[in-house]
Amino acid sequence: MSGPPRLDREAALALLRTMWRIRCFEERVAKLKRSLLVHGLIHLSIGGEGVAAAVCGQLRDDDAVYSGHRAHGHAIAKGAPLERLMAELMGRDGGVCRGIGGSMHLVWRERGFMGATGVVGGNLPLALGDALAAHLRGSDQVTVVFFGDGAVQAGHFHESVNLAALWELPLIFVCENNGFAEFTPRSAHTPVERVSDVVAPYGFERETVDGSDVPAVWEAFADCLAVARAGRGPRLLECLTYRRRGHYEGDQQSYRTGQEEEWERRDPLARLQALALERGWLDSDTAHKLERDALHEVDRAVELGRASPFPEPSLAGQLVLAPIGGKPPSTPRGSITAETTFVKAVNGALARAMRADERVIVLGEDVAEGGPYTTTAGLAEEFGAERVRNTPISEGAVCGVAIGAAQAGLRPVVEIMFIDFLTLALDQLVNQAAKAHFMSGGQLCVPMVLRTQGGSGSRSGAQHSQSLEAWLTHVPGLKVVMPSSAADAAALLATAIADPNPVVFVENKALYFRRELAPEEPAPVPIGQARVVRPGRELTIVATSWLLAEALDAARRLSAEGIEAEVIDPRTLIPLDSATIAHSVRRTGRAVIAHEAVTIGGFGAEIAAQIQDLAFDCLEAPIQRVGAPFMPVPVTPPLEDAYRPGAEQVYAAARAVIEWDQPVEVGAR
Amino acid sequence: MAREIPYIAAINEAIHLEMARDERVLYFGQNLATTENDEFLKAFGADRVRVTPISETAEIGMAVGAALAGMRPVVELYMAEFMLVAMDQVVNEAPRFRYMSGGKVKVPLVLKAGYGFTAGWAGQHTGSIYGMFMGVPGLKIALPATAADAKGLMASAIRDENPVCFFHHYLLTLEPGEVPEGEYLVPFGQADVRRAGGDVTIVATGWMVGKALTAAESLSSEGIDAEVIDPRTLAPLDLATIVTSVEKTGRLVLVDQATRHASASAVIAAEVADQAFSALRAPIKQVTALDATVPYSEPMEAFVLPDEAKIAGAVHQVLGSAPVAA
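Residues numbered from 1 in each chain as written. Chains lettered and ligands numbered in written order. Predicted model: local features only at pLDDT ≥ 70, side-chain atom pairs only at ≥ 80, totals over all residues.

Details of the interface of chain A and chain B
Here is step 1: With 78 residues of chain A in contact, the opposing surface of chain B contributes 62 residues.
Here is step 2: Taken together, the elements giving at least two residues each to the side of chain A that touches chain B come down to helix H12 (315-318), helix H16 (426-439), helix H17 (469-473), strand S21 (591-598) and helix H21 (604-614) of chain A.
Here is step 3: Considering each element in turn, the side of chain A that touches chain B owes the most residues, eight residues, to H21 of chain A.
Here is step 4: A per-class count over the side of chain A that touches chain B returns 41 nonpolar, 28 polar and nine charged. (Contact = placed C-beta atoms within 7 Å. Helix = DSSP H or I, 4+ residues; strand = E, 2+ residues; numbered from the N terminus. Nonpolar A, V, L, I, M, F, W, Y, C, P; charged D, E, K, R; others polar.)

In structure tokens, the structure reads:
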């Protein structure tokens, strides 16, 4: 190496070309927004073109870029075609995301533009995951994440910076510090002036440059890139930029003054062009031609955008989940059964998946030690610390790592210890994982599994005992699996790992160490198929997870009294096998739904709403729901025992639906 | 005296009045009071009106702590979806302390957030996530549909001794309505029968109330007399008013702007199917958004969201429905 690389004529002209394309594109978008040809929330990056061009211009197509809400420039500089971007902003089928994502959610996967996000700081964990995938593949790919100074005050930033440093990932944090977080000056957000100072304790190289001085950005980034390319840990480049426009188009900016004078000094395009003229890299004719070419290309993009039709509305329903392809995940091998437990079943399924597919990795707190329940015991020994990764207590970032790694082609299984703490990762799960396939118009897939545990009974109180799965079923784009037996756990975990969508796999602590006989290598079970655990004619009991065994207890007691209950375990909540449930209720005319979550707002309401619709004319009694009372989980044993629904409540509900209209002559129907 | 003011002005008026009435009321959030001319800042000063960084977890957590210490914070969150960043504080902290302390402490705070959608806000700024909070014991949920309710429910929320999630719809922001001047309180847990009718009950929340009323008017020209009920708060939920109505009409259509699966309307459907079983003459129908993220493209947005025609269609279905075949 002969010293740091310097910007030369060729590179400067390439930068100017890109910057003109961004500038002309965005100025046109501002006009189109006023005429409503472009709609929605539009955040322009005028003033920041130099950073986009200098950073993305040095990357390869297989390097990944993650951006935030001010993303047009990054997408253009990374190679997304102007006409496809313009069509996207017009909501057309020809858009990069088929008109579904819009300005805040641009994706152009074929050139490594992996996505923009509308949640400030929400992209940082995803970029970590992408960098982890590159690292595990042993490639020299580099990931770049753009963010504004406002994101630095978000928790995701700190979690992500820590993980990047800890794992020495090939990730470059590029902060565009424009001095405003949305509408508020940086001084009102933080006493720390430089973003590069915030990351100082993590010990990686960092630099602050004038973002209007494009050669300085280009040279500083060249330096970062060489280091990251060589696999030597993360870097942070802070670029002090000037935001020419408001936070969004339409922002009146009553909180700002003196923009014109400052723009005179800080327009990166004018400055680079002046420098290029001064150095003789181009003459004024060539300079004008660069602008004219860009304008012409934008004209053409607008024409093509206008000509593109709006997407077929029904596409919205089709893009919620990625289609399942390929062969079933595991092959049944004989019918050797052995005594096992839920924990061993999960452990075995993880080990088999990791043996069969090296893209499968396991992440989570204490997973390399096996975790407190031994669900991951022995995996680190067999597969090594690279694929079985302990994480800090950073649920948000860890979930984001799994999403980013999944988008980059791995099949991560992430454990969030206790569903109570999934609340800390909900933005990543709901706003990123569940929506990525949809918002990218099908370009991205998130084949990840998030394992978590719910359930009461361990005297752990209101923050370690909840059953929150119903929330997740309200989120389009997630699948939710909730097995009640070791055999189903093993089979469904294998299916979940093979699924191209994010799957939340909800385990129950109270089921972990129950002994049962199960096949050593289970036959595959598709997601969305209920199991009729016990046939019966008089009533249908739908029970999930821990309540299944309780329901079976109640059914045995009812049977002794001459009432035969059909017991169904849905096994997966999304998609729900409504057909099997409705078919049963149409036969029995009576239904009880049992789960451990609170009755009000629990998933039973959804099942009941579906049954009353699908089996209305056959219902002979009101559907009864058995769940927890509407209160936090108590910690003291007598109260927790009273709180927790069980066989007794299922039995009482069953008697109530049987006796609703008449004293039943048992067994006589 | 009532006069017409926009929905958002009604909310601001309630916060303003409560801050004047009770100095323990604090107001903070992102981008709040970005200029010195801000009316709250001028009236109550920078100690009580605070701009915060983009740190939702700390904002809500700080409010919980301040409430525990005797204050009555109102947190401005702008967009409901960003509550997901701080869901731990909303679910594991705010509604838990009173219970976990055996009733020794209380957490009077208001989390104020916009929801719904407005053209082109796409997938991450449109979340109608209020239904998720129905399963959280200890939280109250207000969902005003009119300017008057917005004022009255906000004032009640601030005076409540518990954490309240107050959701206002983006598209109602500038909607004017008659609002009483001065102190005005709307109690929680009291539904409003917005239109009386005997043929079918329509329960709608937030922005959907106006749509339901429009649909009801057009149905009345066909001789169908719909009763329209706005629960106004989802927790507590005034189920009695809904059940009484269904006992009269025998038919129920639920209108909810959120995605259907495990929605607030599913919760109501399950309750009514149980409590009004004998009165129901047709299956309860839900008119909700398609189970999909809100798309950016305008024609798709219309396809995904519920509207007057879909409401009227569901009413026809429950009125005309022969028992559903297997």
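Looking at the domain arrangement of chain A
Residue and element names in this part refer to chain A.
Here is step 1: Domain parsing of chain A yields domain 1 (21-249 + 281-305), domain 2 (337-519) and domain 3 (531-658).
Here is step 2: Look at where the C-alpha atoms of domain 1 and domain 2 centre, and you get two points 32 Å apart.
Here is step 3: Every contact between the two is made by 28 residues of domain 1 and, on the other side, 27 residues of domain 2.
Here is step 4: The set of elements that each furnish at least two residues to the side of domain 1 that touches domain 2 consists of strand S2 (113-116), helix H5 (123-137) and helix H6 (155-167).
Here is step 5: Among the elements that line the side of domain 1 that touches domain 2, the one with the most residues is H5, at nine residues.
Here is step 6: Residue classes in the side of domain 1 that touches domain 2 are distributed as 14 nonpolar, 10 polar and four charged. (Domains from an automatic or database assignment.)

What about the nonpolar core?
All names here are of chain A.
Here is step 1: Counting residues in each nonpolar core, the largest one holds 356 residues, and the members touching the most others are Ile541 and Ala654.
Here is step 2: When residues of this core are assigned to their parent elements, the largest contribution, 11 residues, is made by helix H18 (residues 486-498).
Here is step 3: Not counting chain neighbours up to four residues away, the residues in contact with Ala654 comprise Leu539, Ile541, Ala554, Leu558, Ala565 and Val592. (Core = buried A, V, L, I, M, F, W, Y, C linked by C-beta atoms within 7 Å. Buried ≥ 20, exposed ≤ 12 C-beta atoms within 10 Å, placed from the backbone.)

Thoughts on the pairing of strand S4 (residues 72-79) of chain B
All names here are of chain B.
Here is step 1: Of all eight residues making up S4, six are buried, and the element is well covered by its neighbours.
Here is step 2: Strand direction decides the pairing type here: strand S2 (residues 25-30) and S4, joined by five bridges, are parallel. Note that in S4 the partner of Leu26 across the bridge is Pro73.
Here is step 3: In the sheet, S4 pairs with strand S5 (residues 110-115) via five bridges, with the strands oriented parallel. Residue pairing across strands places Val74 opposite Val110, the latter belonging to S5. (Pairing = 2+ DSSP bridges.)

Describing the domain arrangement of chain B
All names here are of chain B.
Here is step 1: For chain B, the assigned domains read domain 1 (2-180) and domain 2 (192-319).
Here is step 2: The interface is formed by 23 residues belonging to domain 1 together with 23 residues belonging to domain 2.
Here is step 3: For the side of domain 1 that touches domain 2, the secondary structure elements donating two or more residues are strand S6 (140-142) and helix H6 (147-159).
Here is step 4: The dominant element in the side of domain 1 that touches domain 2, judged by the number of residues it contributes, is S6, at three residues.
Here is step 5: For the side of domain 1 that touches domain 2, the per-class residue count stands at 14 nonpolar, seven polar and two charged.

Details of the environment of Thr201 of chain B
Residue and element names in this part refer to chain B.
Here is step 1: Mapped onto the fold, Thr201 is located in strand S10 (residues 200-204).
Here is step 2: For Thr201, a count of 30 C-beta atoms within 10 Å translates into the label buried.
Here is step 3: Spatially, the C-alpha atoms of Thr201 and Phe117 are 26 Å apart, while their sequence positions differ by 84 residues.
Here is step 4: Those residues in contact with Thr201 that lie beyond four places of it in its chain are Glu227, Ile229, Ile242, Ser245, Val246, Thr249, Arg251 and Leu252.

Concerning unusual backbone geometry
Here is step 1: For the peptide bond that leads from Ile574 of chain A to Pro575 of chain A, omega is -5°, which places it in the cis range.
Here is step 2: Mapping Pro575 of chain A onto the fold places it in the loop between strand S20 (572-574) and helix H20 (578-588).
Here is step 3: Put simply, Ala235 of chain B and Pro236 of chain B share a cis peptide bond, and its omega is -5°.
Here is step 4: Mapped onto the elements of the fold, Pro236 of chain B is located in the loop between strand S12 (233-235) and helix H8 (239-249).
Here is step 5: Phi angles above zero are rare outside glycine, and Arg98 of chain A is one such case at about 60°.
Here is step 6: By secondary structure assignment, the location of Arg98 of chain A is in the loop between helix H4 (82-89) and S2.
Here is step 7: The backbone phi angle of Asn31 of chain B is positive, close to 60°, even though this residue is not glycine.
Here is step 8: On the secondary structure map, Asn31 of chain B appears in the loop between S2 and helix H2 (39-48).
Here is step 9: Classification of Asn31 of chain B as partly exposed rests on a count of 18 C-beta atoms within 10 Å.

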